[in-house]
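Spelled out, the chains give:
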Amino acid sequence: MVGGPYPFATTKMLSSPARAIAPRIRAPPPVNLPKTRTNHALALFSSGSLAHPSPSMAASSSVEEEEREEEVATGQGGIGALKGGMVSLSEWQAWGTDSPLPAMVVEAIKEMKDLEEDFGAKMKFGGVGSKMKGTLRVIDDKKKRAVYKTLDDPEQKLQFFTARQVACRLLGSRGYLCQKCWLPKEDCMCPRMASCDLWRGIRFWLYMHPKDFLRQNNTGKLLWQLFGIQAATMCVYGIPEQEEIMWDAFKSGGKDKIWFLYPNVNSSPKSLQDIELDRPFAQENKDKPLNFILLDGTWSNSSAMYKRLKERWGTIWGEEDLPCISLSSLGASVMHKLRPQPGWDRTCTAAAAAGLLSELGLREEFGGLGFDKQANTIENSLDILLDALTKRRLRMGRSITRKQRHNNCI
């Protein structure tokens, strides 16, 4: 997203990887709790509706403020209803993935339809994250709170949270957002986007927080728009089906082909120049590419995502630290014009990917692979996204940046 966790220019990193492959380990299965007509485990809590959310999932006041800023004004779009029945596999995959339709998301949607039938009213969604609106909101909220209080396992809480977030966003965005660029259809920027082939020897993984899923100003989505979902794959935090696909790919390729772009000040710094290459990279190898994982979420949310990755890494390979890298030189993204970052050295997810490609292109082994062109394509897409979001704000009579909004209130 716009506020991705990437202060690469001044950040230390974690230890370099070894060269071993661990046996296959499956992720925890989806939670199965007793189901009733009006109180099912998948009647989850929506964002901000819990009285006592777990610390790892609780958003800071600054995050809540950022989300409110993305609210769509009443009467100007963004108010969706539960139309068209269940979400199909093709509809799910049209949002930017080739993964199976998550089972827990399906169950969450079924519970919403049951609620509609029980009370004879239509459920509506609106605002950032497609939060529930209308007459059923209070009823649904009470049920979600009651279910949440019965959960003791953090994995259950995470899967509940994610399933509910994703389900509401899918239904609330139906017929309103473009499925490719995640912008309102009247502001669709797809005709201006130019796709580009990414060299098959590397692969991006967008480990995305559910609160960034279908968010209009998210920048991680640009990567699979440009390079395709096989070259830049979305994996939503807390969706078992997608997380298993990602970890299976990691285990198949080996841990020496995995690098996380995430800052950590407790370990020795590493850079892209420190990546050891054990085979000629002048030839494409789509079977065992270098995997680069970008955490796509706000600063507060990314800490929980990093912890989950670290725990799974330790379970598979028995090592405490993740192999993290930092970029040596990274300028401010153009998206700072729309949403200034907490520090000059912090940038968005897509800009971090562009910086990574630019630095890879400086290595002799990657000469002639077009990384500069691909980095420029990402930067151009950020310009297009900024222009589309800016025009929408102006058309709706809203200020462009948070600074302007605060000044107007003084």
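Placed above this text is the structure.
Residues numbered from 1 in each chain as written. Predicted model: local features only at pLDDT ≥ 70, side-chain atom pairs only at ≥ 80, totals over all residues. Heavy atoms only, no water.

Remarks on the sheet that holds strand β6 (residues 258-261)
Here comes step 1: Pairing is parallel across the open sheet formed by five strands, whose spatial order is β5-β4-β7-β6-β8. Each edge of the open sheet is held by one strand with a lone partner, namely β5 (232-236) and β8 (324-325).
Here comes step 2: Taken together, the four bridges between β6 and strand β7 (residues 290-296) define a ladder with parallel strand orientation. Considered in β7, the bridge of Phe260 is made with Ile293.
Here comes step 3: Across the face of the sheet, helix α7 (residues 240-253) comes into contact with β4 (202-208), β5, β6 and β7 while running at roughly 150° to β4.
Here comes step 4: In this fold helix α8 (residues 299-317) packs onto β4, β6, β7 and β8, with an angle of close to 145° to the strand it touches most, β7. (Pairing = 2+ DSSP bridges. Helix = DSSP H or I, 4+ residues; strand = E, 2+ residues; numbered from the N terminus. Contact = heavy atoms within 4.5 Å. Axes fitted to C-alpha atoms, helices over the stretch in contact; angles between N-to-C directions.)

A closer look at the pairing of β4
Here comes step 1: Most of β4 is tucked away: seven of the seven residues are buried.
Here comes step 2: On β4, burial covers both faces: Ile202, Phe204, Leu206 and Met208 on one face and Arg203, Trp205 and Tyr207 on the other are all buried.
Here comes step 3: Bridge analysis of β4 against β7 gives seven bridges, and the strand direction is parallel. Residue pairing across strands places Leu206 opposite Leu294, the latter belonging to β7. (Buried < 20%, exposed > 50% of the residue type's maximum accessible area, 1.4 Å probe, protein only.)

Some details on the packing of α7 against α8
A pair of packed helices can be characterised by two numbers: the angle between their axes and the separation between those axes.
Here comes step 1: Here α7 crosses α8 at 45°, and the two axes come no closer than 12 Å. As the angle between them shows, α7 and α8 are arranged oblique. When the axes of α7 and α8 are compared, the crossing they make is right-handed. Contacts from Glu243, Glu244, Met246, Trp247, Phe250 and Lys251 in α7 reach Arg308, Leu309, Arg312, Trp313, Ile316 and Trp317 in α8.
Here comes step 2: Per-class residue counts for the contact of α7 with α8 are seven nonpolar, no polar and five charged. (Parallel < 35°, antiparallel > 145°, perpendicular 65-115°, else oblique. Left-handed = near helix turned anticlockwise from the far one by under 90°. Nonpolar A, V, L, I, M, F, W, Y, C, P; charged D, E, K, R; others polar.)

Describing the nonpolar core
Here comes step 1: Within the largest apolar cluster, 80 residues are counted, with the highest numbers of intra-cluster contacts made by Phe204, Phe213 and Phe292.
Here comes step 2: No other element matches helix α10 (residues 371-395), which puts nine residues into this core.
Here comes step 3: Dropping the residues within four chain positions of it, Phe292 is found in contact with Ile202, Arg203, Phe204, Trp205, Trp259, Leu261, Leu272, Ile275, Ile325, Leu356 and Leu360. (Core = buried A, V, L, I, M, F, W, Y, C linked by side-chain atoms within 4.5 Å.)

A closer look at the packing of aromatic side chains
Here comes step 1: Following the criterion strictly, the structure yields 12 aromatic pairs and no others.
Here comes step 2: Centroid distance Tyr262 to Tyr306: 4.6 Å. Interplanar angle 15°. Geometry classified as stacked. Within this pair, whereas Tyr262 is found in the loop between β6 and β7, its partner Tyr306 is found in helix α8, the two being separated by 44 residues in sequence. Considered together, Tyr262 and Tyr306 belong to a single accessibility category, that of buried residues.
Here comes step 3: Taken together through their ring pairs, the aromatic side chains of Trp92, Trp182, Phe213 and Trp224 make up a single cluster. (Phe/Tyr/Trp six-rings, centres within 6.5 Å; stacked < 30°, edge-to-face > 60°.)

A short note on helix α5 (residues 154-173)
Here comes step 1: For α5, which comprises 20 residues, the first-to-last C-alpha distance of 28 Å matches the rise-based estimate of 28 Å (1.5 Å per residue) to within 8%.
Here comes step 2: Here α5 lies mainly inside the structure; 19 of its 20 residues are buried.
Here comes step 3: Looking one or two places after α5, you find Gly175, whose phi comes out positive at around 80°. (Expected span 1.5 Å × (residues − 1).)

With respect to the pairing of β7
Here comes step 1: In terms of burial, β7 is largely enclosed, as seven of its seven residues are buried.
Here comes step 2: Alternating positions in β7 separate into two faces, Leu290, Phe292, Leu294 and Asp296 on one and Asn291, Ile293 and Leu295 on the other, with burial throughout.

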